[in-house]
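Single-letter residue listing:
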Amino acid sequence: MTRRLSAHERALWHRVAASVRPLPGTAPIIAPPAPPMPRPTAAPLPAAPPKPFKAPPRPVLAATLDGSWDRKLIRGRLVPDRVIDLHDHSLERANQVLNFAVEAAAEAGDRVLLVITGKGRADRPGRIRNELHHWLDSAHFRHRIAALRPASPRHGGSGAFYLILRRPR
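Treat the numbers as computed from the prediction; the structure is a model and nothing was measured. Counting restarts for each chain: residues are numbered from 1 in the order of the written sequence. Predicted model: local features are reported for residues with pLDDT of at least 70 only, side-chain atom pairs are reported and counted for 80 or more only, and whole-chain, interface and lining totals are derived from all residues. Side-chain numbers here rest on the full set of heavy atoms in the structure, without hydrogens or water.

K.L.:
Explain the overall build of the chain residue by residue, including any values.
P.N.:
Across its full length, the chain carries 5 helices and 4 strands. Here a strand is any run of E in DSSP of at least two residues, a helix any run of H or I of at least four, and the numbering for each starts at the N terminus. In the chain, the succession of helices and strands from N to C terminus is α-α-β-α-β-α-α-β-β. Exposed residues in this analysis have more than 50% of their type's maximum accessible area, buried residues have under 20%, and partly exposed residues fall in between, with area computed by a 1.4 Å probe over protein chains only. Every one of the 169 residues in the chain was classed for burial, and the buried ones make up 30%. Note on definitions: a residue-residue contact is assigned when non-hydrogen atoms from the two residues lie within 4.5 Å. Sequence separation of at least 24 residues holds for 68% of the intrachain contacts in the chain that already meet a minimum separation of 6.

K.L.:
An account of a nonpolar patch on the surface is needed here, citing residue identities and associated values.
P.N.:
Together, Leu5, Trp13, Val16 and Val20 make up an exposed nonpolar region whose accessible area comes to about 400 Å². Among the structural elements, Leu5 can be located in the segment before helix H1 (7-19). Judged by its relative accessible area of 39%, Leu5 is partly exposed. Any residue with relative accessible area above 30% and no salt bridge may belong to a patch, with like charges joined within 9 Å and the nonpolar Val, Leu, Ile, Met, Phe, Trp and Tyr side chains within 5 Å. To be clear on the numbers: accessible area is Shrake-Rupley with a 1.4 Å probe, and residue cover counts the displayed protein chains and nothing else. One side-chain nitrogen of Lys or Arg within 4 Å of one carboxyl oxygen of Asp or Glu is enough to make a salt bridge.

K.L.:
Explain the nonpolar core residue by residue, including any values.
P.N.:
Of all hydrophobic cores here, the largest spans 20 residues; its most connected members are Ile84, Leu86, Leu98, Val102, Leu132, Leu136 and Leu163. In terms of residues, this core owes the most to one element, helix H3 (residues 91-108), which gives 6 residues. In contact with Leu98, not counting residues within four places along its chain, are Ile84, Leu86, Val115, Leu132, Trp135, Leu136 and Phe141. Residues belong to one nonpolar core when they are buried, are Ala, Val, Leu, Ile, Met, Phe, Trp, Tyr or Cys, and are joined through side-chain atoms within 4.5 Å. Core analysis: the second largest hydrophobic core is formed by 10 residues, Leu78, Leu114, Ala146 and Tyr162 among them.

K.L.:
Which residues make up helix H4 (residues 127-136), and what are the values?
P.N.:
Here H4 has its buried residues at Ile128, Arg129, Leu132, His133, Trp135 and Leu136. Each buried residue of H4 lies within a common arc of 165° when the element is viewed along its axis, so the set occupies one face. Opposite the packed face of H4, turned more than 90 degrees from it, sit the exposed residues Arg127 and His134. Regarding the arc, it is the one traced by the directions from the helix axis to the C-beta atoms.

K.L.:
Go over the packing of H3 against H4, please, and point to the residues and values.
P.N.:
What describes two packed helices is the angle between their axes and the distance between those same axes. In the contact formed by H3 and H4, the axes pass within 11 Å of each other and the chain directions differ by 45°. When the axis of H3 is compared with that of H4, the two are oblique. As H3 runs across H4, the sense of the crossing is right-handed. In this structure, H3 contributes Leu91, Ala94, Asn95 and Leu98 to the contact, and H4 contributes Arg127, Ile128, Glu131, Leu132, Trp135 and Leu136. To get an axis, a line is fitted to the C-alpha atoms, and for a helix only the part in contact is used. The angle between two axes follows their N-to-C directions and goes from 0 to 180 degrees. Roughly parallel means an angle under 35 degrees; roughly antiparallel means over 145; roughly perpendicular covers 65 to 115; every other angle is labelled oblique. By the definition used in this description, the sense in which the near helix is turned from the far one sets the handedness, with an anticlockwise turn below a right angle giving left-handed and a clockwise turn giving right-handed.

K.L.:
How would you sum up the sheet that holds strand S1 (residues 82-85)? Please name residues and give values.
P.N.:
Pairing between two strands is assigned when DSSP locates at least 2 bridges connecting them. The strand order across the open sheet built from 4 strands is S1-S2-S4-S3, with neighbouring strands paired in mixed fashion. The open sheet has two edge strands with one neighbour each: S1 and strand S3 (145-150). Pairs of neighbouring strands in the sheet enclose a mean axial angle of 20°, with direction left out of account. Sheet topology places strand S2 (residues 112-116) next to strand S4 (residues 160-165); 5 bridges connect them, and they run antiparallel. Bridge pairing in S4 places Ile116 opposite Ala160. Running at roughly 10° to S4, H4 makes contact with S2, S3 and S4 of the sheet.

Written as structure tokens, this is what we have:
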């Protein structure tokens, strides 16, 4: 089974054939002229592989809770008083929804909020998820928040967080 040579391979073969001297006593074979060598084109650079998602560092507001709180949160046994779904919002709109919901929850006396941010994708990490820590670490929220913890798989896993508000005074 034979295959056809590409233009580049044919040009290389003609260059090699032209450099060979015939053996003594044999007539030289005249090959047809070689087509011009194609110019090498710059190969497109491979796309940079997507950076693996790295969870943002815990903000200053992530104070420790006592062990019973953490165990309940990890096992998903705590029922959130309020759910805030920021999924599919723009960054600006998600920040507004979060501000309004935390204010309303604090006034209503709610303690445990489930904030759904979405997980993002491997090629595009969740922007709301990354910004949530910065928003909550602002002076506007800091005095109201006791802790921020990742949600259990029952409540959304890596696409959601538990936001624990301080007890009203």
